[in-house]
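Architecture at a glance
One letter stands for each residue in the lines below.
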Amino acid sequence: QVQLVESGGGLVQAGGSLELSCVPSRSIFTLNGMGWYRQAPGKTRELVATSPSAGTTYYADSVKGRFTISRNNAKNTVYLQMNSLIPEDTGVYYCNARYGMREYWGQGTQVNVSS
């Protein structure tokens, strides 16, 4: 089992920045990969960015150049730095972790971007 605790959501004006954090209950080194997804009102959940245990990071086209996923191994934390936010970035952001053959999800953190 892996529990994921997210934080950092909130309300921000367009053009602003937010940083989301996700702390897993297991060491990051034991996980196959971590990532961030989001779900806008009335839409399906979509992949935002991933940070695999090995290999390169991935970003959805809609966030490339604006969002950055990173890890702080000492703090056992994964971050999503979101810059130049636009109203279309509004939604619930979920942290995701892959451990063995299973996926785990955080409870979600709300991000609202006003125009």
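Criteria and cut-off values
- Numbers given for residues are sequential positions, taken from 1 along each chain in its written order.
- For this predicted model, a pLDDT threshold of at least 70 governs which residues receive local features, and a threshold of 80 or more governs which side-chain atom pairs are given and counted, while totals over whole chains, interfaces and linings are taken from all residues.
- Here the side-chain values reflect all heavy atoms present in the structure, with hydrogen atoms and water set aside.
- To qualify as a helix, a DSSP run of H or I must reach at least 4 residues; to qualify as a strand, a run of E must reach at least 2; elements of each kind are numbered from the N terminus.
- Each radius of gyration reported is based on C-alpha atoms, and the globular scaling rule is 2.2 Å times the count of residues to the power 0.38.
- Buried residues are those whose accessible area, probed at 1.4 Å on protein chains only, stays under 20% of the maximum for their type, while exposed residues exceed 50% and partly exposed ones sit between those limits.
- Contacts: residue pairs with any heavy atoms within 4.5 Å of one another.
- Computed with a 1.4 Å probe, the accessible areas rest on the Shrake-Rupley method; for each residue, only the protein chains presented here act as cover.
- Positive charges come from Lys and Arg, negative ones from Asp and Glu, while His and the chain ends are left out of the count.
- Every charge is mapped onto a representative atom, which is NZ of Lys, CZ of Arg, CG of Asp or CD of Glu.
- Pairs of N or O atoms within 3.5 Å make up the polar contacts considered here, provided that, within protein, one atom can donate a hydrogen while the other can accept it, and that residues adjacent in sequence are counted only when both atoms are side-chain atoms.
- What counts as a ring pair is set by centres within 6.5 Å for rings of Phe, Tyr and Trp (its six-membered ring), and what kind of pair is set by the plane angle: stacked under 30 degrees, edge-to-face over 60, tilted for all other angles.

1. A look at the overall build of the protein chain
From N to C terminus, the protein chain includes 0 helices and 11 strands. Secondary structure elements of the protein chain occur, N-terminal to C-terminal, as β-β-β-β-β-β-β-β-β-β-β. Since a compact globule built from 115 residues should have a radius of gyration of about 13 Å, the 13 Å found for the protein chain is in line with a globular shape. In terms of overall dimensions, the protein chain has C-alpha extents of about 40 × 25 × 25 Å along its principal axes. Relative to its full complement of 115 residues, the protein chain shows a buried share of 43%. Taking all contacts inside the protein chain whose residues are at least 6 apart in sequence as the whole, residues at least 24 apart take part in 54%. On the protein chain, roughly 6,000 Å² of surface is accessible, and the fraction owed to carbon and sulfur atoms is 50%. In the protein chain, which carries 10 positive and 7 negative side-chain charges, the distance between the mean positions of the two groups comes to 7 Å.

2. Structural notes on the side chain of Arg38
Relative to the assigned elements, Arg38 resides in strand E4 (residues 33-39). Engagement of the side chain of Arg38 in a polar contact is seen with the side chain of Ser62, the distance being 3.4 Å. Setting aside its immediate chain neighbours within four residues, Arg38 contacts Thr44, Arg45, Glu46, Val48, Ser62, Val63, Phe67, Glu88, Asp89, Val92 and Tyr93.

3. Some details on the packing of aromatic side chains
Per the stated rule, a full pass over the model turns up 2 aromatic pairs. Consider the rings of Tyr37 and Trp105, whose centres lie 4.9 Å apart with planes at 70°: the pair is edge-to-face. With Tyr37 in strand E4 and Trp105 in strand E10 (residues 102-105), the pair connects residues that are 68 residues apart, well separated along the chain. Between Tyr94 and Trp105, the ring centres sit 6.5 Å apart and the planes meet at 85°, which makes this aromatic pair edge-to-face.

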